[in-house]
Amino acid sequence: MHASQGRSAGLGLALASAFAFGGSGVAAKPLIEAGLDPLHVVWLRVTGAALVMLPVAWRHRALVRSRPVLLLGFGLLAVAGVQAFYFAAISRVPVGVALLVEYLAPALVLGWVRFVQRRPVTRAAAVGVVLAVGGLACVVEVWAGLSFDVVGLLLALGAACCQVGYFVLSDQGSGESAAGAESPHPVGVIAYGLLIGAAVLTVVARPWGMDWSLLGGSTTMNGTDVPAWLLLLWIVLLATVIAYVTGVISVRMLSPAVAGVVACLEAVIATVLAWVLLGEHLAAPQLIGGALVLFGAFIAQSSTPKGPSGPFASGPGGELVGTEGELSADRPAS
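What counts and what doesn't
- Residues numbered from 1 in each chain as written.
- Predicted model: local features only at pLDDT ≥ 70, side-chain atom pairs only at ≥ 80, totals over all residues.
- Heavy atoms only, no water.
- 1 Å grid on protein atoms, 1.4 Å probe; cavity = no way out; pocket = protein on both sides within 12 Å on 5 of 7 lines; lining within 4 Å.
- Points joined across faces, edges and corners; volume = space filled by probe spheres on them.
- Helix = DSSP H or I, 4+ residues; strand = E, 2+ residues; numbered from the N terminus.
- Nonpolar A, V, L, I, M, F, W, Y, C, P; charged D, E, K, R; others polar.
- Pairing = 2+ DSSP bridges.
- Expected span 1.5 Å × (residues − 1).
- Buried < 20%, exposed > 50% of the residue type's maximum accessible area, 1.4 Å probe, protein only.
- Polar contact = N/O pair within 3.5 Å; in protein donor to acceptor, adjacent residues only side chain to side chain.
- Patch = residues over 30% accessible without salt bridge, like charges linked within 9 Å, V, L, I, M, F, W, Y side chains within 5 Å.
- Areas by Shrake-Rupley, 256 points an atom, 1.4 Å probe, with all protein chains shown as cover.
- Salt bridge = Lys/Arg side-chain N within 4 Å of Asp/Glu carboxyl O.
- Phe/Tyr/Trp six-rings, centres within 6.5 Å; stacked < 30°, edge-to-face > 60°.
- Contact = heavy atoms within 4.5 Å.
- pLDDT = per-residue confidence, 0-100.
- Axes fitted to C-alpha atoms, helices over the stretch in contact; angles between N-to-C directions.
- Left-handed = near helix turned anticlockwise from the far one by under 90°.

Caption draft 1: Structural view of the layout of surface pockets. If you add up the space inside the largest pocket, you get close to 1,300 Å³. The wall of the largest pocket is formed by 50 residues, among which Ser24, Gly25, Tyr86, Leu99 and Ala270 lie closest to the centre. Taken together, the elements giving at least two residues each to the lining of the largest pocket come down to helix H1 (2-33), helix H2 (38-52), helix H5 (68-89), helix H6 (95-102), helix H9 (150-170), helix H12 (228-253), helix H13 (256-262) and helix H14 (265-278). Here the element with the most residues in the lining of the largest pocket is H1; it accounts for twelve residues. Of the residues in the lining of the largest pocket, the class split is 31 nonpolar, twelve polar and seven charged.

Here it is in structure tokens:
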């Protein structure tokens, strides 16, 4: 019963994370249309969230000495890497194609679990991934503009690999907890990941060239005037701070494979929110694709990978990563 409650709570947090992440594009699009560069919006998002999380970073400052490799990996891959590769990709290939390739990450996570950690993966979980990816192809209508730009597709694949890093690094410490050792606090890892990501994106985005006056004006969302600062607050607090916190904790309570598939719902949620808030209508294939993604996520969630079948595997930076695919709900959530 306790394990079942833990799975339910983890699934709820994963869905909350997908919803929060899915709303980022809806809030960012009016800002971009108002004149802000997309990369500047990303910098504002990550830097604002890093400032919000500063007290948390100070509270968990011991992580800088005990887990420097983990913090650096999370900041470079889970924060800066995904954003930078994705925006570079959409400059060369259609957004739908880049999004589809990026969300191949759940399949890559299962590959990591099966071939690197050498843990068994159920057939149902694999079927769930296939259905989710196929449904996602319908949601983004990939057939509407496929461009075989090798560099662009490789950049999108880079975003997918960085997203794998997000799920794998979020699961860091689960094996240590099972062995009785103290695991890194997930929210502390997020705080330092955002700080490192903000530093990296500052060099890439060069925000000193941004038109700051745009943030004091208003934007248009489906014909309604909305203050730019309000959308920025949405992006920072909901689509970044809450999204990362709930996402990392859900990975700890479920597993990288399961949480990765549930995260595919982000694309569906983003499309629905764009329909409601921006007036971007859904076509019939997109509705069918959304249903497939939901069904695939459900199958994967109900087919959690089996327990440990061997010794601990060595993770990024040499830390021990447990082979246990599911965690107790006793893990602190703040």
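Caption draft 2: Summary view of the pairing of strand S2 (residues 224-227). Pairing analysis gives four bridges linking strand S1 (residues 218-221) to S2, with the strands arranged antiparallel. Each residue of the ladder has a partner; that of Thr220, found in S2, is Asp225. In sequence, S1 turns back onto S2 through a hairpin of two residues, with Asn222 there showing a positive phi of about 55°.

Caption draft 3: A look at H2. Given a rise of 1.5 Å per residue, 15 residues ought to cover 21 Å, and the 21 Å separating the end C-alpha atoms of H2 matches this to within 8%. The buried count for H2 comes to twelve of 15 residues, which makes it a mostly enclosed element. Listing the buried residues of H2 in full gives Leu39, His40, Val41, Val42, Trp43, Leu44, Arg45, Val46, Thr47, Gly48, Ala49 and Ala50. Between a side-chain oxygen at the N-terminus of H2 and the backbone nitrogen of Leu39 the separation is 2.8 Å; the capping residue is Asp37.

Caption draft 4: Examining a nonpolar patch on the surface more closely. A contiguous nonpolar patch, built from Val52, Trp229, Leu230, Leu233 and Leu237 and spanning about 440 Å² of accessible area, is present on the exposed surface. Its place among the elements puts Leu237 in helix H12. Note on Leu237: relative accessible area 33%, which makes it partly exposed.

Caption draft 5: Just unusual backbone geometry, in detail. At Arg206, a position not held by glycine, the phi torsion is positive, near 50°. With respect to the element layout, Arg206 can be found in the loop between helix H11 (186-205) and S1. The backbone of Asn222 shows a phi angle near 55°, a positive value even though the residue is not glycine. By secondary structure assignment, the location of Asn222 is in the loop between S1 and S2. Residue Asn222 is classed as partly exposed on the basis of its relative accessible area of 47%.

Caption draft 6: Molecular detail of H14. Between its first and last C-alpha atoms H14 spans 19 Å; for 14 residues at 1.5 Å apiece the expected length is 20 Å, and the two agree. For H14, every residue scored as buried is listed here: Leu265, Glu266, Ala267, Val268, Ile269, Thr271, Leu273, Ala274 and Leu278. The first or second residue beyond H14 is Gly279, which carries a positive phi of 75°.

Caption draft 7: Summary view of the packing of aromatic side chains. Taken as a whole and judged by the stated rule, the model has three aromatic pairs. Measuring from centroid to centroid gives 6.0 Å for Trp43 and Trp212, while their planes differ by 85°, and the two rings are edge-to-face. A residue pair is termed long-range when its members are at least 10 positions apart, and Trp43 in helix H2 and Trp212 in the loop between H11 and S1 qualify at 169 residues. Relative accessible area serves as the criterion here: at 11%, Trp43 is assigned to the buried category. When the ring of Phe74 is compared with that of Tyr244, the centres are 6.5 Å apart and the planes differ by 65°; the resulting orientation is edge-to-face.

Caption draft 8: Local environment of the environment of Leu15. Note on placement: Leu15 falls in helix H1. Classification of Leu15 as partly exposed rests on a relative accessible area of 37%. On a C-alpha basis, the gap between Leu15 and Thr246 in space is 8.8 Å, while along the polypeptide they are 231 residues apart. The contact partners of Leu15, leaving out residues within four places of it in the chain, are Val262 and Leu265.

Caption draft 9: View of the confidence of the model for the chain. Chain-level statistics for the chain give a pLDDT mean of 76 and a share of 78% at 70 or above. For the chain, the element scoring lowest by mean pLDDT is strand S4 (residues 320-321), at 25; helix H3 (residues 54-59) scores highest, at 94. Note that residues 306-334 has pLDDT below 50 and, in this model, 76 contacts with residues that lie over four places away or in other chains.

Caption draft 10: Molecular detail of the packing of H5 against H11. In the contact formed by H5 and H11, the axes pass within 7 Å of each other and the chain directions differ by 60°. Of the two possible hands of crossing, H5 and H11 adopt the one that is right-handed. Mapping the contact onto sequence places Leu70, Leu71, Leu72, Phe74, Gly75, Leu76, Val79 and Ala80 in H5 and Val189, Ile190, Tyr192, Gly193, Leu194, Ile196, Gly197, Val200 and Leu201 in H11. The residue inventory of the contact of H5 with H11, partitioned by class, reads 14 nonpolar, three polar and no charged.

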